[in-house]
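Each chain is listed here by its residues.
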Amino acid sequence: MTPDTATLHAALTQRQDALLKLAQRLLAFPTPNPPGRNTAEAQAFLADFLRQLGCTVEQFDVYPGDPDVIGVLPGKQRQAACSLLINGHIDVAEVGDPARWSVPPFAGTLRDGRLYGRGAADMKGGLAAALFALQVIREQGIALAGDVIIESVVGEEQGEPGTRRCIERGYRADFAIVPEPTELSIVGQGGVITGWIEIISPETLHDGMRARTIHAGGGVLGANAIEKMILVIEALERLERHWAVVKQYPGFPPGSTTINPAVIEGGRHPAFLADRCALWITVHFYPNEQWQDVVAEIESYVLAAAQSDPWLRLHPPRFRWGGESMLVDRGEIFPAAPLPLHHPGLLTLRQAHAQIWGNEPATGMWPSVSDAGWLADAGIPTVVYGPGSLAQAHTVDEWVSVEALLGFSHVLAEFIVRWCNRPKEAM
């Protein structure tokens, strides 16, 4: 630890209350998504905070009422030194029934060494700690040779394009950290794509016609789309089990490539045979797979299964992936983010973590997904590393420990000083 960072770490500890107040302030903004379109006030606060740090700030609407905010703290030798991008999302998961919470979801309650509130773990706590680390670095007058870019993006909870819009506007760095709740493990991630499978009957039949569609001599070639979807679900389950046998990737337990039938919608009224049924599925895939190949495999398998059913053979399922569904405007994709194990940014982060915590951080693959995938897809070496646990994300009484928040701010501050004063040629 250099004298500069020794003073820095003392200041971080002494200013712990400022970290907690900042985290509480972010938690106080109700930004659940869905419904979204509610982040403007929170993002305006963050834009002001970044300007006070000396950042140049860009703010633009992704959707009306949902802007992205990007702050760039320019380095003193920005062309010659390593740059860092920190990406966090300001939207949080929906609350559900507030009566189930023992604390108000947006109060930022401190109790027994924990900070409670929607977004405490996922991921306003991590975003606040990153901002606090940079704030104390600035207050201590520590010079940084390389740029630090802070992105506060919208839409991550619904697979919306907040981070993609930043990439499209040209924001890049030599290394990126996404402070999602990984229990301070340094991880990569697989990918996720969601999609709709829809079955549509060309005929709408009265409920009284059901007997003629299922019994001998009825003479009516009709079907209940909900019942036909059962065949599709069974096919997906068989394919999922097959994947568990034949697919693997270092860092993931067997069977991590899953196909979850998450939402089903169909029918119109008890007096009709259901002439439409749609299934929303969530598909996890490994970093060595392309989502296009994965969905092609699903479509091929489901269509082959449909050939075994006389009615589905004539009216095969339809598919739509990762965007607007056939029913509503929802659907998402997150690319994978392979863990760049030998990248100097990751090695420097490991060193900073070991210095603060006294042990080597765990590394591996995260069972969830985040906007890290879009950064990696854009060619930016990216890791997911942050305070809190995935077991707390999206839960009732969501919380993150004060110890983890403060420890993360120490690690990140140490890393920023080391990384952003590293010559690019040393990469």
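Residues numbered from 1 in each chain as written. Predicted model: local features only at pLDDT ≥ 70, side-chain atom pairs only at ≥ 80, totals over all residues. Heavy atoms only, no water.

**A short note on the packing of aromatic side chains**
Rules: Two aromatic rings from Phe, Tyr or Trp, using only the six-membered ring of Trp, form a pair when their centres are within 6.5 Å; if the ring planes differ by under 30 degrees the pair is stacked, by over 60 it is edge-to-face, and anything between is tilted. Strands are runs of DSSP state E lasting at least 2 residues, helices are runs of H or I lasting at least 4, and numbering of each runs from the N terminus. Each residue is assigned to one of three classes by its accessible area relative to the maximum for its type, calculated with a 1.4 Å probe on protein chains only: buried under 20%, partly exposed between the two thresholds, exposed over 50%.
With the rule as written, the count across this model stands at 11 aromatic pairs. Considering the side-chain rings of Phe-175 and Phe-415, the 5.8 Å spacing of their centres and the 50° angle between planes classify their relative orientation as tilted. With Phe-175 in strand β7 (residues 175-178) and Phe-415 in helix α12 (residues 402-419), this residue pair connects regions lying 240 residues apart in the sequence. What makes Phe-175 buried here is its relative accessible area of 0%. By relative accessible area, which is 0% here, Phe-415 ends up buried. Geometrically, the ring pair formed by Tyr-249 and Tyr-286 is stacked, given 6.1 Å between the ring centres and 25° between the ring planes. Of the two residues, Tyr-249 sits in the loop between α7 (225-246) and β10 (259-266) while Tyr-286 sits in the loop between β11 (276-285) and α8 (291-306), which places them 37 residues apart along the sequence.

**Things to note about the sheet that holds strand β16 (residues 399-401)**
Going by this rule: By definition, two strands form a pair when at least two bridges between them are found by DSSP. To obtain an axis, a line is fitted to C-alpha atoms, over the contacting stretch when the element is a helix, and the angle between two such axes runs from 0 to 180 degrees between their N-to-C directions. Between two residues, a contact is recorded if the distance between any of their heavy atoms is within 4.5 Å.
One open sheet accounts for 3 strands, arranged β4-β5-β16; its pairing is antiparallel. With partners counted over all chains shown, the strands left at the sheet margins are β4 (109-111) and β16, one partner each. The average angle at which neighbouring strand axes cross in this sheet is 25°, direction not considered. Here strand β5 (residues 114-116) pairs with β16 via 3 bridges, running antiparallel. In the sheet register, Leu-115 faces β16, and the bridge partner there is Val-400. The sheet contacts of helix α2 (residues 16-27) involve β4 and β5, and relative to β5 the element is tilted by about 20°. Together, β4, β5 and β16 form the strand contacts of α12, whose direction differs from that of β16 by roughly 60°.

**Some points on the layout of surface pockets**
Test applied: Points on a 1 Å grid over protein atoms alone make up a cavity when a 1.4 Å probe fits among them but cannot get out, and a pocket when they form an open set with protein on both sides within 12 Å along at least five of seven lines; lining residues each have an atom within 4 Å of a point. Grid points are joined across faces, edges and corners, and a volume is the space filled by probe spheres set on the points. Residues are grouped as follows: Ala, Val, Leu, Ile, Met, Phe, Trp, Tyr, Cys and Pro are nonpolar; Asp, Glu, Lys and Arg are charged; all remaining types, including Gly, are polar.
Taken as a whole, the largest pocket encloses approximately 710 Å³ of empty space. Around the largest pocket, the lining is made up of 30 residues, and of these Glu-157, Gln-158, Glu-332, Phe-334 and His-394 lie nearest the centre. Counting only elements with at least two residues in the lining of the largest pocket, the list comes to β9 (191-200), β10 and β11. Of the residues in the lining of the largest pocket, the class split is 13 nonpolar, 9 polar and 8 charged.

**Observations concerning empty space enclosed by the protein**
For the structure on display, the rule yields 1 cavity of 30 Å³ or more. Here the largest cavity defines a volume of roughly 30 Å³. As for the largest cavity, its lining consists of Ser-201, Glu-203, Thr-204, Leu-205, Gly-222, Ala-223, Leu-273, Ala-274 and Asp-275. Its residues placed into classes, the lining of the largest cavity shows 4 nonpolar, 3 polar and 2 charged.

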